[in-house]
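Each chain, written out:
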Amino acid sequence: MEAKKILLIEDNPEMRENTAEILELANYKVMTAENGKEGVHLTSEFKPDLIICDIMMPELDGYGVLHLLSKDEHTAHIPFIFLTAKAEKDDYRKGMTMGADDYLTKPYDDVELLNIVEMRLKKSERLKRQFERSAKGLDQFIEEAKSFDLIAKLAEDKKVKTLRKKETIYTEGSFPSSVFFLQKGKVKAYKSNGSGKEYITDLFKEGDFFGYIDLLQGEPYQESAIALEEAEVSIIPKDDFFNLLQGNREVSSKFIRMLSNEIKDREERLLHLAYNSVRKRVAQALVTLVQRYQEDKAKPFSMSITREDIASMVGTATETVIRTLSDFKEERLIDMKGSLITVFEYEKLVRMRN
């Protein structure tokens, strides 16, 4: 098993050497930095599993180091332990409020140091697991959060709502009060213009969180969400969601990564909408459905979806979509029976020329 990597940021040479020696004797791979600026630079190169950082340092203190690393999605998840010669409660409170995972007061012995390092690494590993994207997976995720003493109330308040096909979950312009987790079924998010024409902005599958972007921004919903078929949605109250994010940097970093991936996906779809032909855009819409709702791309994929919804994904008239789908059927790329569309040639649709 590969040794865990620890970055030690400490300006006192004697303390730095002694602490590094203790960690190395415990079979950790240690990199040291003598000030905060050097520590921030080394973090991106060394990619540590845990950071131990002194608070009182010249140039950039420990609070500054934590602030900078917390702003970067690649480093925000790294467990962070503060070292300080002070034991005042105000210092402790400030560090933990900023997102530090733990606190070690000087002088400390080797047992204290190794215990706190081992505990934080174990907790970090548990939250790094990729949980099954299902109702069972959500329960497991919540149980992990509970074991971190984050929010035991989250599991208690989890409400599951059963939705009928075309039932609305939230509407554009209303104010968010919850985050949603899709346990079963399919959901679309869409925006409407002044004449009521829809543009589908996202599609959600089992295991997806949704409705959290506007909640994080503190703004009304910028889109509506509706069930494409019978669905089950877990509703996580706003306060519990924020407690979860603020209670642990590992959990918050997961949502930062989800948020950044969602923004990238939307930017890519807008580029396709702007520059691709209608034929290419219809092919891309079908590719998106396969990618979102089926893992094995080699197998035929079937889904009931209205031509209006496909037109809303493509950004064109329903009649144009109907003609293009008929062309695809003649070319034996797909088959259609009522609202049921079956994709046979996924790779050919991916490679469709513009």
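Before reading further, recall that the structure is shown in the block above.
Residues numbered from 1 in each chain as written. Predicted model: local features only at pLDDT ≥ 70, side-chain atom pairs only at ≥ 80, totals over all residues. Heavy atoms only, no water.

(A) A look at unusual backbone geometry. Residue Pro 107 is reached from Lys 106 by a cis peptide bond, and omega for that bond is -5°. Inspection of the secondary structure puts Pro 107 in the loop between strand 5 (102-105) and helix 5 (110-128). In this model, Arg 332 sits at a positive phi of 60°, which is unusual for a non-glycine residue. Turning to its location among the elements, Arg 332 is positioned in the loop between helix 13 (318-330) and strand 15 (334-337). (Helix = DSSP H or I, 4+ residues; strand = E, 2+ residues; numbered from the N terminus.)

(B) Structural detail: the sheet that holds strand 16 (residues 340-343). Read from one edge of the open sheet, 3 strands run 14-16-15, paired in antiparallel fashion. A strand with exactly one partner marks an edge of an open sheet, and here the two such strands are strand 14 (301-304) and strand 15. Taking each pair of neighbouring strands and ignoring which way they run, the sheet shows an average axis angle of 15°. In this structure, strand 14 lies alongside strand 16, joined through 4 bridges in antiparallel fashion. Considered in strand 16, the bridge of Ser 304 is made with Leu 340. Across the sheet, helix 13 is in contact with strand 15 and strand 16; its angle to strand 15 comes to roughly 120°. (Pairing = 2+ DSSP bridges. Axes fitted to C-alpha atoms, helices over the stretch in contact; angles between N-to-C directions. Contact = heavy atoms within 4.5 Å.)

(C) Seen up close, the side chain of Asn 35. Assignment of secondary structure puts Asn 35 in the loop between strand 2 (29-33) and helix 2 (36-46). According to the relative accessible area criterion, Asn 35 is buried, its value standing at 11%. Within the local environment of Asn 35, its side chain forms a polar contact with the backbone nitrogen of Glu 38, the two atoms lying 2.8 Å apart. Apart from the residues lying within four places of it in its own chain, the contact partners of Asn 35 are Ile 9, Met 57, Pro 58 and Glu 59. (Buried < 20%, exposed > 50% of the residue type's maximum accessible area, 1.4 Å probe, protein only. Polar contact = N/O pair within 3.5 Å; in protein donor to acceptor, adjacent residues only side chain to side chain.)

(D) Representation of the environment of Phe 80 in the model. Considering the arrangement of structural elements, one finds Phe 80 in strand 4 (residues 80-84). On the basis of relative accessibility, which here comes to 0%, the residue Phe 80 falls in the buried class. Separated by 21 residues in the primary sequence, Phe 80 and Asp 101 place their C-alpha atoms 5.3 Å from one another.

(E) How the structure looks around the packing of aromatic side chains. With the rule as written, the count across this model stands at 9 aromatic pairs. Between Phe 180 and Phe 210, the ring centres sit 5.5 Å apart and the planes meet at 25°, which makes this aromatic pair stacked. Of this pair, Phe 180 sits in strand 8 (residues 178-184) while Phe 210 sits in strand 11 (residues 209-210); the two residues are 30 residues apart in sequence, bridging distant segments of the chain. We note that Phe 180, like Phe 210, is buried. Ring-pair connections join several aromatic residues into one group, and the members of that group are Tyr 170, Phe 180, Phe 204, Phe 210 and Tyr 221. The ring of Tyr 293 carries Lys 186 above its face, with NZ or CZ at 5.1 Å from the centroid. (Phe/Tyr/Trp six-rings, centres within 6.5 Å; stacked < 30°, edge-to-face > 60°. Lys NZ or Arg CZ within 6 Å of the ring centre and 35° of its normal.)

(F) View of the sheet that holds strand 11. Pairing within the open sheet is antiparallel, and its 4 strands lie in the order 6-13-8-11. With one partner strand each, in any of the chains shown, strand 6 (159-163) and strand 11 form the two edges of the open sheet. Two elements, strand 8 and strand 11, share 2 bridges in a ladder whose sense is antiparallel. Note that in strand 11 the partner of Phe 180 across the bridge is Phe 210.

(G) Main features of the pattern of salt bridges. Tallying each qualifying case throughout the model produces 15 salt bridges. Its salt-bridge partner being Lys 161, residue Glu 167 comes within 3.9 Å of it at the nearest N-O pair. Here Lys 161 falls in the partly exposed class, since its relative accessible area comes to 36%. Notably, a salt bridge pairs Lys 205 with Asp 208, separated by 3.7 Å at the nearest N-O pair. Given the relative accessible area of 25%, Lys 205 is considered partly exposed. (Salt bridge = Lys/Arg side-chain N within 4 Å of Asp/Glu carboxyl O.)

(H) A look at a negative patch on the surface. Together, Glu 14, Glu 17, Glu 21 and Glu 24 make up a negatively charged patch on the protein surface. Mapped onto the secondary structure, Glu 17 falls in helix 1 (residues 13-25). Classification of Glu 17 as exposed rests on a relative accessible area of 54%. (Patch = residues over 30% accessible without salt bridge, like charges linked within 9 Å, V, L, I, M, F, W, Y side chains within 5 Å. Areas by Shrake-Rupley, 256 points an atom, 1.4 Å probe, with all protein chains shown as cover. Lys, Arg positive; Asp, Glu negative; His and termini not counted. Charge placed at Lys NZ, Arg CZ, Asp CG, Glu CD.)

(I) Up close: helix 1. Between its first and last C-alpha atoms helix 1 spans 18 Å; for 13 residues at 1.5 Å apiece the expected length is 18 Å, and the two agree. Burial in helix 1 covers these residues: Arg 16, Thr 19, Ala 20 and Leu 23. Down the axis of helix 1, the buried set is contained in an arc of 100°. They therefore lie on one face. Facing away from the buried surface of helix 1 by more than 90 degrees, the exposed residues are Glu 14, Glu 17 and Leu 25. The distance from a side-chain oxygen at the start of helix 1 to the backbone nitrogen of Glu 14 is 3.0 Å, and the residue carrying that oxygen is Asn 12. Trailing helix 1 by a residue or two, Asn 27 shows a phi angle of about 75°, which is positive. (Expected span 1.5 Å × (residues − 1). Arc of directions from axis to C-beta.)

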